[in-house]
Amino acid sequence: MCGIIGYTGADDIVRALAGGLEKLEYRGYDSAGIAFAEHGRLRVIKSVGRIALLEEKLADVRTDARCGIGHTRWATHGRPTEINCHPHLSFGKKFAVVHNGIIENCRKLQTLCENRGITPVSDTDSELIAHLLELNYEGDALSAVRRTAAMLEGSFAVAALCSDAPDEIYAFRRSSPLIIGVGKGMCCLASDGCAARAERTYLLGDGQYARLSSRGAEFFSHGKPAAPKRIQTADAGSCERGGYAHFMLKEIHEQPEAAARTIEAVGNRRLRGEVLYLGCGSSYNAALAAIPLTERGTGAEAHAVTAGEFLFSERVNGRGKTAVLLSQSGETADTVAAAEEAKRRGYATVSITNVPRSSLTRACRRNILTHAGPEISVATTKGFTSQAAALAALLTGAEEEDAVRRLPFAIERALGCDGDAKAVSELFASCRTAFFVGRREDCGAAYEGALKLREITYVPAMGLSAGELKHGTISLVEEGTPVVLIHTDPALKDKTLLTAATVRARGGTVIAVTADDEVAAACDFTLRIPFVPPLLSPAVSVVPLQLLAYHAAVRMGRDVDKPRNLAKSVTVE
Ligand code: F6R
């Protein structure tokens, strides 16, 4: 999702901004740009595509400017073109603006601008913020910021430059996060902690605004000085690849520790009563995989609904029930909105998220943290397993506590199938379509395996219940079609063997993910996992699927950590 940076201090501004943008790359973007004030005028340099293309443009830029802002854009309003790319200039070129979020009343604001004779040049909602700043400007940029912020509806984190104050950056936000770093003779800002490195870091409060200069940062709220919240950002090491070829591979290997930390942190907390899970993408899959465990653990029916759909579902009274909201980032707009909606319907709300003090933790009454550490790869891996581990810990009784504690070791052992996954990945790098199937808890894992494969290889892959295969989808299975069959529950073995035989009879190639020798013998290839109690298995059975997708993507020359069109956290509904 869009990322913002800003820097003011003694460093060469072009290099400082380019370095900051590189740190934001993992969030996903399709264009990037920077702005700085030079000799009383704002200069903007932008490029569509990778940061490397922008850096080519910046290579010959020499300037004595020491203050500027930058942006990576993930297109929502308008295509990824240079005109739509940030920073945006105001009509009189007095302000330059970078923005992350969505301005919900942009149509109204556009009409307001047009009535004042201003014709926006881009398709973006963000450009309007620059025009409003200049319209509200009467010689004091801070007052213009306050008035402009009051006119905006929706979510936004904004950094702005004013040509009359070339060494200052103005920042304001609502809902979207914005981190401000302060060090000796410098200030910086960024959408996340990996890009904001300084001696002290602060989260700009919701509705607050700030003025940054090399002398320090001043924070305000409603025209008065305000105190921001001091935070710790991720340490430098966790934002680097640590010798792995890709962040995704590093994060796959971090899963045993992530699960162990998470299980430890859950301690003796337990989920009780009727549960409705809400989440998006992999977080939804983690919930789906936990339904059978939840029903056994709580003795009540459990359901999982994608957060986006929940918003438009029948407004059934949730009193007496718990809505559990899952999100690695804690910033997914649909999930945060679903938390608010669940509260309105009377549900007790519990978040399971990896980011403390995120929008989701603020929206929920109770919060359970996963301790996966920062996840940089766009495709989540340790985010999913730490959620699965948290759910395992939250839903098992005393009799299975040992098995839960052993989950990190089982995940570690599952990593041992890396070599086999790499070999088998060849089938996926050359196929037209692929399927991932399983029953019960294996069905959620199958959904996740298919999502991993399609998001980083772009191979059309489908996850479904093994029982559903015969109700239509099997018509797509032809000679050599890879079908990944996940099998963890001995009680379901006969069904699994039947599925394997049915697919092979149509020429499909079956890849088993299992600890069971008989199932392995009935399939073409096997990715071995250790045996764990079936209801706890999703955190383990997903590991070979992640490795399979990873190796297929590498074979195909895909941009593994930054797949096309995707953003790390989807902060628009
Ligand atoms: C898939 C993936 C996405 C996210 C989804 C929700 O690899 O990363 O499907 O799972 O966007 O994100 P969070 O968990 O941050 O709410």
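The rules behind each value
- Residues numbered from 1 in each chain as written.
- Predicted model: local features only at pLDDT ≥ 70, side-chain atom pairs only at ≥ 80, totals over all residues.
- Heavy atoms only, no water.
- Buried < 20%, exposed > 50% of the residue type's maximum accessible area, 1.4 Å probe, protein only.
- Helix = DSSP H or I, 4+ residues; strand = E, 2+ residues; numbered from the N terminus.
- Pairing = 2+ DSSP bridges.
- Near = heavy atom within 4 Å.
- Polar contact = N/O pair within 3.5 Å; in protein donor to acceptor, adjacent residues only side chain to side chain.
- Areas by Shrake-Rupley, 256 points an atom, 1.4 Å probe, with all protein chains shown as cover.
- Core = buried A, V, L, I, M, F, W, Y, C linked by side-chain atoms within 4.5 Å.
- Contact = heavy atoms within 4.5 Å.
- Axes fitted to C-alpha atoms, helices over the stretch in contact; angles between N-to-C directions.
- Phe/Tyr/Trp six-rings, centres within 6.5 Å; stacked < 30°, edge-to-face > 60°.

K.L.:
When you look at the pairing of strand S10 (residues 186-190) in this model, what are you seeing that I'm missing?
P.N.:
Regular strands place their side chains on alternate faces of the sheet. Summarising burial for S10: 5 of the 5 residues are buried, a large majority. Across the two faces of S10 the burial is the same, with Met 186, Cys 188 and Ala 190 and Cys 187 and Leu 189 all buried. One ladder, built from 4 bridges, connects strand S1 (residues 3-8) with S10; its direction is antiparallel. Looking at S10, one finds that Ile 5 is bridged to Ala 190. Bridge analysis of strand S9 (residues 179-183) against S10 gives 5 bridges, and the strand direction is antiparallel. Bridge assignment links Val 182 to a residue of S10, and that residue is Cys 187.

K.L.:
I tried to follow the site of the ligand on my own but got confused; where do I start?
P.N.:
The full set close to the ligand counts 14 residues, and Ser 283, Ser 327, Ser 329, Thr 332 and Glu 455 are the nearest of them. Taking Ser 282, its main chain carries an N or O atom lying 3.0 Å from an oxygen atom of the ligand. At 2.6 Å, a side-chain N or O of Ser 329 approaches an oxygen atom of the ligand. Coverage of the ligand by the protein amounts to 90% of the 400 Å² it exposes when considered alone.

K.L.:
Please explain the nonpolar core as it appears in this structure.
P.N.:
In summary, soluble globular proteins display a tendency toward joint burial of nonpolar side chains. Of all hydrophobic cores here, the largest spans 75 residues; its most connected members are Tyr 277, Phe 428, Phe 436, Leu 453 and Val 484. The element that contributes the greatest number of residues to this core is helix H19 (residues 538-555), accounting for 11 residues. Residues contacting Tyr 277, with those up to four places away along its chain left out, are Leu 271, Ala 287, Ala 290, Ile 291, Thr 294, His 303, Ala 304, Val 305, Val 324, Leu 326, Leu 391 and Leu 395. Core analysis: the second largest hydrophobic core is formed by 28 residues, Phe 95, Cys 106, Ile 118 and Ala 165 among them.

K.L.:
What is the right way to read the sheet that holds strand S25 (residues 525-528) from this model?
P.N.:
Across a sheet, paired strands are connected by hydrogen bonds in the backbone, their directions being either parallel or antiparallel. Judged by pairing direction, the sheet is parallel, and its 5 strands sit side by side in the order S22-S21-S23-S24-S25 without closing on themselves. Across the chains shown, the open sheet's two edge strands, defined by having one partner strand only, are strand S22 (461-465) and S25. The mean inter-strand angle of the sheet, taken between neighbouring strand axes irrespective of direction, is 20 degrees. With respect to the sheet, helix H15 (residues 418-429) is in contact with strand S21 (434-438), strand S23 (482-487), strand S24 (509-514) and S25, its orientation differing from that of S25 by roughly 140 degrees. Most of the contacts of H19 go to S23, to which it runs at about 160 degrees, and overall it touches S21, S23, S24 and S25.

K.L.:
How should the packing of aromatic side chains be read in this particular structure?
P.N.:
The way to describe two aromatic rings as a pair is by their centre distance and the angle between their planes. Within the structure shown, the criterion is met by 6 aromatic pairs. Ring plane angle 85 degrees and centroid distance 5.3 Å describe the contact between Phe 95 and Tyr 137, whose orientation is recorded as edge-to-face. Highlighted residues: Phe 95 in strand S6 (residues 95-103) and Tyr 137 in the loop between helix H4 (126-135) and helix H5 (141-151), separated in sequence by 42 residues. The class for Tyr 137 is buried, based on a relative accessible area of 17%. When the ring of Phe 310 is compared with that of Tyr 347, the centres are 6.2 Å apart and the planes differ by 70 degrees; the resulting orientation is edge-to-face. With Phe 310 in helix H10 (residues 307-310) and Tyr 347 in the loop between helix H11 (333-344) and strand S19 (348-353), this pair connects stretches of sequence that are 37 residues apart.

K.L.:
Explain the pairing of strand S16 (residues 275-279) to me, please; I cannot follow it from the model alone.
P.N.:
Burial of S16 is extensive: 5 of the 5 residues sit out of reach of the surface. Of the two faces of S16, the one holding Val 275, Tyr 277 and Gly 279 and the one holding Leu 276 and Leu 278 are both buried throughout. Judged from the 5 bridges that link them, S16 and strand S17 (residues 302-306) form a sheet pairing that is parallel. Within S17, the position partnered with Tyr 277 by the bridge is Ala 304. In terms of strand pairing, S16 meets strand S18 (residues 322-327) through 4 bridges, oriented parallel. Across the sheet, residue Tyr 277 finds its bridge partner in S18, namely Val 324.

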